[in-house]
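# Report on the structure
So you can see what is in the structure, the chains are spelled out below.
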Amino acid sequence: MATTLYGIKNCDTIKKARKWLEEAGIDYRFHDHRADGLSPEQLDLWLAKLGWEALLNTRGTTFRALPEAEKQGLDTAKARDLLLAHPAMIKRPLLDQDGTLTLGFKADLYQSLFSR
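Analysis parameters
- Residues numbered from 1 in each chain as written.
- Predicted model: local features only at pLDDT ≥ 70, side-chain atom pairs only at ≥ 80, totals over all residues.
- Heavy atoms only, no water.
- Buried < 20%, exposed > 50% of the residue type's maximum accessible area, 1.4 Å probe, protein only.
- Helix = DSSP H or I, 4+ residues; strand = E, 2+ residues; numbered from the N terminus.
- Arc of directions from axis to C-beta.
- Contact = heavy atoms within 4.5 Å.
- Axes fitted to C-alpha atoms, helices over the stretch in contact; angles between N-to-C directions.
- Parallel < 35°, antiparallel > 145°, perpendicular 65-115°, else oblique.
- Left-handed = near helix turned anticlockwise from the far one by under 90°.
- Nonpolar A, V, L, I, M, F, W, Y, C, P; charged D, E, K, R; others polar.

### Overview of helix α3 (residues 40-50)
Within the sequence span of α3, burial applies to Leu 43, Trp 46 and Leu 47. Around the axis of α3, the buried residues are gathered within 100° of arc, so they sit on the same side. Along α3, the residues that are exposed and aim more than 90 degrees away from the buried face are Glu 41 and Ala 48. In the core, the buried residues of α3 are packed alongside β1 (3-7), α2 (33-36), α4 (52-55), α7 (76-85), β3 (94-97) and β4 (100-103). One or two positions beyond α3, positive phi appears at Gly 51, with a value near 85°.

Structure representation (structure tokens):
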């Protein structure tokens, strides 16, 4: 099974998820949006599967720092543009297990995902 964890390396929740995966002996690849980039095709796939409402972190500092005009009237196209311009606004972590996507980290959730 191919497992990829997406996020940014200095995020505390990413650190927790990576620690959990490593301690559980899970073979995974880490993809840092800032260092490794974000392709429009990848984002489109995530938007199709999860929807922009789930993917866009409106509580983070990056989103809150945006001008009010950019936060108004959000829809898929506008959210896509924002996420491509500011990948740090993608909710973290995003775990991809062979195309099955999971947003966020909770130890018990990961335990159930990897005990199947």
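### Looking at the packing of helix α1 (residues 12-23) against helix α8 (residues 107-114)
In the contact formed by α1 and α8, the axes pass within 11 Å of each other and the chain directions differ by 40°. With respect to α8, the axis of α1 lies oblique. In terms of crossing hand, the pair formed by α1 and α8 is right-handed. Between α1 and α8, the residues in contact are Ala 17, Trp 20 and Leu 21 and Ala 107, Tyr 110, Gln 111 and Phe 114, respectively. Here the contact of α1 with α8 is built from residues that sort into 6 nonpolar, 1 polar and no charged.

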